[in-house]
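# Structural characterization, general
Each chain, letter by letter, is given below.
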Amino acid sequence: MGYGFMVWAVDTNKLRQSAGSKDEKLRRMIGGRFKRDLASLDELFEDSISGGGPNTYEALRQLIDGTVPEGARGGIYRYAFKLVVEHFGRFLDNSAVCPWSSPDFGPVNAALKQMNVPFELDDLHGNRLPVKLPYPDDFPLTGWVDEAEVKKIAAAFEGAKYTGKDAQVRDILECVRGWFREASAQGRGLVSYYH
């Protein structure tokens, strides 16, 4: 299994409101719904946890309670936040971009530019999220596009045609077009995780 993109259409305002909300019911709902994911992430971060770092449920609690310690680092917070994204979001087709290890965005970004679509895949492959979280030591890479920008990009995709011959680029473009179309139709933003 390689690396790849996972993308959700999600109400980014709900994501912002959840961080620091102290919503115990939300925390318990996510903890119950994603019990297996929490256990799996605890295994992934076993060394950090045994070294005194928070387990995934504690990281989730800190996110929702707004008590993430100043200077905290590590991907565990971003993975805990991914559970919030999954809770509120709708997973979108990623078959063209998962797996996609060591992606070269150049050809796709060039095609988007040729199509006059104001978007680059790099925007989904960094450290941006709609809430402030500790910086990960390595993975996951994250990105997001707010609802207003989604509508603008979805509109630019309408009628835009790829004139190149690269089948992989065409498949990725259609996948990305689908993300924006679906999110726009739902009045939602996009959040991506690459890991």
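Residues numbered from 1 in each chain as written. Predicted model: local features only at pLDDT ≥ 70, side-chain atom pairs only at ≥ 80, totals over all residues. Heavy atoms only, no water.

### A word on the pattern of salt bridges
Rules: For this analysis, a salt bridge means a side-chain nitrogen from Lys or Arg found within 4 Å of a carboxyl oxygen belonging to Asp or Glu. Only DSSP runs of H or I reaching four residues or more are called helices, and only runs of E reaching two or more are called strands; each is numbered from the N terminus. Buried residues are those whose accessible area, probed at 1.4 Å on protein chains only, stays under 20% of the maximum for their type, while exposed residues exceed 50% and partly exposed ones sit between those limits.
Taken as a whole and assessed by the stated rule, the structure comprises 7 salt bridges. Note that Asp137 is salt-bridged to Arg73, the shortest N-O span being 3.4 Å. On the criterion of sequence distance, the pair formed by Asp137 in the loop between helix H7 (106-114) and strand E3 (141-145) and Arg73 in the loop between helix H5 (56-65) and helix H6 (76-88) is long-range, its members being 64 residues apart. Assessed through its relative accessible area of 58%, Asp137 is described here as exposed. A salt bridge links Lys152 to Glu149, with the shortest nitrogen-to-oxygen separation between them at 3.7 Å. One end of the pair, Lys152, and the other, Glu149, are both in helix H8 (residues 147-157), 3 residues apart, so they sit about a helical turn from each other. Via salt bridges that share partners, Glu58, Arg61 and Asp65 belong to a single interconnected network.

### Section: the pairing of strand E1 (residues 5-10)
Applicable threshold: DSSP-based pairing: two strands are paired if at least 2 bridges between them are found.
Burial runs high along E1: 5 of the 6 residues are buried. As paired elements, E1 and strand E4 (residues 189-194) share 6 bridges and run antiparallel to each other. Each bridged residue has a counterpart across the sheet, and for Trp8 the counterpart in E4 is Val191. As judged from the 2 bridges shared by E1 and strand E2 (residues 90-91), these two strands associate in the antiparallel manner.

### Focus on the packing of helix H2 (residues 24-33) against H6
Two numbers describe a pair of packed helices, the interaxial angle and the distance between the axes. Quick note on the threshold: Whenever a helix is involved, its axis is fitted only over the stretch in contact; in every case the axis is a line through C-alpha atoms, and angles between N-to-C directions fall within 0 to 180 degrees. Here is the rule for angles: anything less than 35 degrees is roughly parallel, anything more than 145 is roughly antiparallel, 65 through 115 is roughly perpendicular, and the remaining ranges are oblique. Residue contacts follow a heavy-atom distance rule, with two residues in contact if any of their heavy atoms lie within 4.5 Å. In this classification, Asp, Glu, Lys and Arg are treated as charged, Ala, Val, Leu, Ile, Met, Phe, Trp, Tyr, Cys and Pro as nonpolar, and every other residue, Gly included, as polar.
With their axes 10 Å apart at the nearest point, H2 and H6 run at an angle of 90° to one another. Considering the angle they form, H2 stands roughly perpendicular to H6. Here Leu26, Met29, Ile30 and Arg33 of H2 lie close against H6, whose contacting residues are Leu83, Val84, Glu86, His87 and Phe88. Classifying every residue of the contact of H2 with H6 gives 6 nonpolar, 1 polar and 2 charged.

### Some words on the environment of Asp138
Positionally, Asp138 belongs in the loop between H7 and E3. Residue Asp138 is classed as exposed on the basis of its relative accessible area, which comes to 53%. The sequence separation of Asp138 and Gly106 amounts to 32 residues, and the corresponding C-alpha distance is 22 Å.

Scope: geometric values only; no functional claims are made or implied.
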